[in-house]
Amino acid sequence: MSSQQLSPSVRRVAIVGGARIPFARSDGPYATASNQQMLTAALDGLVERYGLQEPGAVGEFVAGAVLKHARDFNLARETVLGSGLHPSTPAYDIQQACGTGLQAVIAAANKIALGQTESAVAGGADTASDAPLGVNDSLRRILLEARRAKSPGARLKALAKLRPGHLVPDIPRNAEPRTGLSMGEHAAVTARAWGIAREAQDELAATSHRRLAAAYERGFFQDLVVPFRGLARDQNLRPGSTVEKLASLKPVFGLGHPDPTMTAGNSTPLTDGAATVLLSSEEWARERGLEPLAYLTAYETAAVDFVGGDVAGGEDGLLMAPAYAVPRMLERAGLGLDDFDLVEIHEAFASQVLATLAAWEKRGLGTVDRARLNVAGSSLATGHPFAATGARIVATLAKLLAERDAPARGLISVCAAGGQGVTAVLERA
């Protein structure tokens, strides 16, 4: 049992900084990089920037990955042992699909808020290039039968069942186990339900690329992105993207219905990458002369019944949980959408962002000024290594808030597989 006692009061949690590697398209520059190698590179960038090498500098490290091999066992702890953090730093894994990075931040923040630790690093990594291949289940059962055999004869009898077809591996599919539909096909159902137009999706995608390119050009990511394996910028970035160019792409989802609208250009590509965030108490930051970028002040998770709920009507689409989480969070915090200077919505698909905005408006939250939405670009331009995205967004939004002279507030909304959503509020006093 831990000897630590819960603090009698809840403390503010500071976002001190972040570090990530550039995100790469799958089967590209990071094709041979493991989750651990990418996460270690991102973590080392943070350690070097903030001088976190000494024992006890960081209370703990929490991170995760969605696509994990058996070798990714104890991923966070193994990453610590291979990084510049002191080996005495505790670590543990967490996973909530695309919400993993933000949920890791929340888990770390809770311990800081309760006084159980003074500082923590949160993050995530994923490689679509190196997705695990499963052993054919029939082969697995035969091998287990052979292992349990009590005699050489029984073992040979089990192995005699092997056939060439048993050597075919189980290829991972981007599909929900409950429905068999890919995330893109689920998003296409929601896009139809909300009447999301193709041109609006292409406009949002083009804007994401344009804003990310502008952020790089002005040096915004200089202290957030660590070069890795020859990349210094997100590989998916297309500065010249326009609505006209995107309009030439053929639809790839919802092809079984009239007028499909979702293309490779307004959908997030399969991506490799890793990201980390440094959180602390105000006292820890002050003692080290570090100015917090922002503070994490509220968070909420939600889930929808995307199997038996109102899917056709759009209310319970696979990626619509933030439409429930954000209203609950704002009501609890006594805030409205007009109280936010910046809004960050994870761009899994352009249609999903637009459906979320429409759902918030339907629920009486009002509209989001597009000038405040994803002002430095988001997942359509950066790419989306599943577990890394939440940490990327937190670090990006915190720095955007820190750039403003006056007090400011930002909203984060991340949808996730399994019909889940993770949301949060960052503030700069």
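Residues numbered from 1 in each chain as written. Predicted model: local features only at pLDDT ≥ 70, side-chain atom pairs only at ≥ 80, totals over all residues. Heavy atoms only, no water.

**Some points on the overall build of the protein**
On a plain count of helices and strands, the protein comes out with 13 helices and 12 strands. The C-alpha atoms of the protein give 22 Å as radius of gyration, which agrees with the globular expectation for 429 residues (22 Å, within 12%). Summarising its shape, the C-alpha atoms of the protein cover approximately 80 × 60 × 45 Å along the three principal directions. A burial count over the protein gives 55% of its 429 residues as buried. In the protein, 80% of the contacts between residues at least 6 apart in sequence involve partners at least 24 apart. Within the structure as shown, the protein displays about 18,000 Å² of accessible surface, and the carbon and sulfur contribution to it stands at 53%. (Helix = DSSP H or I, 4+ residues; strand = E, 2+ residues; numbered from the N terminus. Rg over C-alpha atoms; globule rule 2.2 N^0.38 Å. Buried < 20%, exposed > 50% of the residue type's maximum accessible area, 1.4 Å probe, protein only. Contact = heavy atoms within 4.5 Å. Areas by Shrake-Rupley, 256 points an atom, 1.4 Å probe, with all protein chains shown as cover.)

**Observations concerning the pattern of salt bridges**
Tallied over the full model, the rule gives 21 salt bridges. Glu291 serves as the salt-bridge partner of Arg428, at 3.6 Å between the closest nitrogen and oxygen. Note that Arg428 is positioned in strand 12 (residues 420-428) and Glu291 in the loop between helix 9 (282-287) and strand 9 (294-303), a separation of 137 residues in sequence. Overall, the relative accessible area of 19% leaves Arg428 in the buried class. Accessibility expressed as a relative area gives 56% for Glu291, which makes it exposed. The residue Arg404 makes a salt bridge to Asp341 at a minimum N-O spacing of 3.9 Å. (Salt bridge = Lys/Arg side-chain N within 4 Å of Asp/Glu carboxyl O.)

**Topic: the environment of Ala398**
Mapping Ala398 onto the fold places it in helix 13 (residues 389-402). Through-space distance from the C-alpha of Ala398 to that of Lys150 is 61 Å; in sequence the pair is 248 residues apart. In this structure Ala398 touches Ile15, Leu293, Ala294 and Leu426, once residues within four positions along its chain are discounted.

**Things to note about the side chain of Glu60**
With respect to the helices and strands, the residue Glu60 is situated in strand 3 (residues 60-64). Separated by 3.1 Å, the side chains of Glu60 and Lys111 make a polar contact. (Polar contact = N/O pair within 3.5 Å; in protein donor to acceptor, adjacent residues only side chain to side chain.)

**Description of the pairing of strand 3**
Of all five residues in strand 3, five are buried; the element is thus mostly enclosed. Burial along strand 3 is two-sided: the residues Glu60, Val62 and Gly64 and Phe61 and Ala63 are all buried. Of the strand pairs in this sheet, strand 3 and strand 5 (residues 119-127) are connected by five bridges, and their pairing is parallel. Looking at strand 5, one finds that Phe61 is bridged to Val121. For strand 3 and strand 4 (residues 91-93), the ladder comprises three bridges, and the chain directions are parallel. (Pairing = 2+ DSSP bridges.)

**Observations concerning the pairing of strand 12**
Counting buried residues along strand 12, seven of its nine residues qualify, which places the element largely inside the surrounding structure. Pairing of strand 9 with strand 12 involves eight bridges; the strand directions are antiparallel. Note on strand 12: the bridge partner recorded for Tyr295 is Glu427. Judged from the nine bridges that link them, strand 11 (residues 408-416) and strand 12 form a sheet pairing that is antiparallel.

**Some points on helix 11 (residues 350-362)**
Think of an α-helix as 3.6 residues a turn; residues three or four steps apart then line up on the same face. Look at helix 11: 19 Å from first C-alpha to last across 13 residues, which is about the 18 Å you get at 1.5 Å a residue. The buried count for helix 11 comes to 10 of 13 residues, which makes it a mostly enclosed element. All of the buried residues along helix 11 are Ala350, Ser351, Gln352, Val353, Leu354, Ala355, Thr356, Leu357, Ala359 and Trp360. Just downstream of helix 11, Gly364 is the residue with a positive phi angle, here 85°. (Expected span 1.5 Å × (residues − 1).)

**Quick word on the packing of helix 7 (residues 198-217) against helix 11**
Running from N to C, helix 7 and helix 11 cross one another at 105°; their axes reach a closest spacing of 9 Å. The angle between helix 7 and helix 11 falls in the class roughly perpendicular. Touching Ala200, Gln201 and Leu204 of helix 7 are Ala350, Ser351, Val353 and Leu354, all from helix 11. (Axes fitted to C-alpha atoms, helices over the stretch in contact; angles between N-to-C directions. Parallel < 35°, antiparallel > 145°, perpendicular 65-115°, else oblique.)

**Section: the side chain of Asn35**
Note that Asn35 resides in helix 1 (residues 35-50). Owing to a relative accessible area of 1%, Asn35 belongs among the buried residues under this scheme. Setting aside its immediate chain neighbours within four residues, Asn35 contacts Ala65, Leu67, Lys68, Asp72, Leu75, Ala125, Asp126 and Thr127.

**Comments concerning the nonpolar core**
With 49 residues, the main nonpolar core has Leu102, Leu279, Ile412 and Leu426 as its most contacted residues. If you tally residues by element for this core, the top one is helix 3 (residues 100-113), at nine residues. Excluding residues that lie within four positions of it along the chain, Leu102 makes contacts with Gly390, Ala391, Val394, Ile412, Val414, Val422, Thr423 and Ala424. If you look at the next biggest cluster of nonpolar residues, it comprises 33 residues, including Ala42, Phe61, Leu85 and Ala274. (Core = buried A, V, L, I, M, F, W, Y, C linked by side-chain atoms within 4.5 Å.)

**Some points on the environment of Gly390**
Here Gly390 shows up in helix 13. Residue classification places Gly390 among the buried residues on the basis of a relative accessible area of 2%. For the pair formed by Gly390 and Val422, sequence separation is 32 residues and the distance between their alpha carbons is 9.0 Å. Excluding its chain neighbours within four sequence positions, the residues that come into contact with Gly390 are Gly101 and Leu102.

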